[in-house]
Amino acid sequence: NGALKLEALGLGGNEIRDAGATAIAKALEVNGALKLEVLDLQFNQIGDVGATAIGKGLQFNGALKLEALGLGGNEIRDAGATAIAKYLESEQASQLERLDLDDNEIGDVGATAIGSGLQFNGALKLKSLDLSRNEIGDVGATAIGKALEVNGALNVTTYLS
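This report concerns the structure included in the present document. (Residues numbered from 1 in each chain as written. Predicted model: local features only at pLDDT ≥ 70, side-chain atom pairs only at ≥ 80, totals over all residues. Heavy atoms only, no water.)

A tally of helices and strands in the protein chain yields five helices and six strands. Along the protein chain, from the amino end to the carboxyl end, the secondary structure elements read β-α-β-α-β-α-β-α-β-α-β. In terms of overall dimensions, the protein chain is globule-like: its C-alpha atoms have a radius of gyration of 14 Å, near the 15 Å expected for 161 residues. C-alpha extents for the protein chain along the principal axes are approximately 50 × 30 × 20 Å. Expressed as a percentage of the 161 residues in the protein chain, the buried residues total 45%. Look at the contacts in the protein chain between residues 6 or more apart in sequence, and 89% of them connect residues 24 or more apart. With the model as given, the accessible surface of the protein chain reaches about 7,400 Å², and the carbon-plus-sulfur share is 51%. Looking at the protein chain, you have 13 positive and 22 negative side-chain charges, and the mean spots of the two groups are 7 Å apart. (Helix = DSSP H or I, 4+ residues; strand = E, 2+ residues; numbered from the N terminus. Rg over C-alpha atoms; globule rule 2.2 N^0.38 Å. Buried < 20%, exposed > 50% of the residue type's maximum accessible area, 1.4 Å probe, protein only. Contact = heavy atoms within 4.5 Å. Areas by Shrake-Rupley, 256 points an atom, 1.4 Å probe, with all protein chains shown as cover. Lys, Arg positive; Asp, Glu negative; His and termini not counted. Charge placed at Lys NZ, Arg CZ, Asp CG, Glu CD.)

Structure follows, in structure tokens:
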């Protein structure tokens, strides 16, 4: 069979919950030959448990060069956003250009964690960050703004509507 040559995995708009996201994350974590560039899990029912698993799975696969991660339209809150932020801090996120976390339930704590992740990783090539339709207030928006100010390597369009 050889190594799987899959570059994009689109599972958006299904009924994937935390258990399904965790299974996908486990495959991401253990398959060092996987060359996935796009992972679309938007508009499912993934919560903090699934998002945390995805964040860890991406963080620990050194071979993965993900360019786009779609997690919009789920049920992710601060804990899940914090796990995604840990991924942003890692070397494995250096190729990421697009991160969609719109239409979730992320608040100031999650946005602050994402801001820290953006600020910490000078190798990040992020061009688009969508955090629209969440529960982010002034504190979270300030953290995102600070990250954009501090990390000169970022060339990002941020959506916080």
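Next comes the rest of the description.
The subject of this paragraph is the nonpolar core. Of all hydrophobic cores here, the largest spans 38 residues; its most connected members are Ile54, Leu69, Leu96, Leu99, Leu101, Ile114 and Leu118. Secondary-structure elements contributing two or more residues to this core are helix H1 (18-30), helix H2 (48-59), helix H3 (78-89), helix H4 (108-120) and helix H5 (138-150). In terms of residue count, H3 provides more of this core than any other element does, five residues in total. Contact partners of Ile114, with chain neighbours within four places excluded, come to Ala81, Ala85, Leu88, Leu101, Leu129, Leu131 and Ile144. (Core = buried A, V, L, I, M, F, W, Y, C linked by side-chain atoms within 4.5 Å.)

Further remarks concern the packing of H4 against H5. At a closest axis distance of 7 Å, the pairing of H4 and H5 adopts a crossing angle of 5°. Classified by the angle between their axes, H4 and H5 sit roughly parallel to one another. The segment H4 lies against H5, with Asp108, Ala111, Thr112, Ile114, Gly115, Leu118 and Gln119 engaging Asp138, Val139, Gly140, Ala143, Ile144, Lys146, Ala147 and Val150. A class-by-class count of the residues in the contact of H4 with H5 yields eight nonpolar, four polar and three charged. (Axes fitted to C-alpha atoms, helices over the stretch in contact; angles between N-to-C directions. Parallel < 35°, antiparallel > 145°, perpendicular 65-115°, else oblique. Nonpolar A, V, L, I, M, F, W, Y, C, P; charged D, E, K, R; others polar.)

For the coordinates displayed, the defined rule picks out three salt bridges. Here Glu105 ties to Arg77 by a salt bridge, and the two come within 2.8 Å at their closest N and O atoms. Here the residue Glu105 occupies a position in the loop between strand E4 (98-100) and H4, and Arg77 occupies one in the loop between strand E3 (68-70) and H3, the gap between them amounting to 28 residues. Given the relative accessible area of 45%, Arg77 is considered partly exposed. (Salt bridge = Lys/Arg side-chain N within 4 Å of Asp/Glu carboxyl O.)

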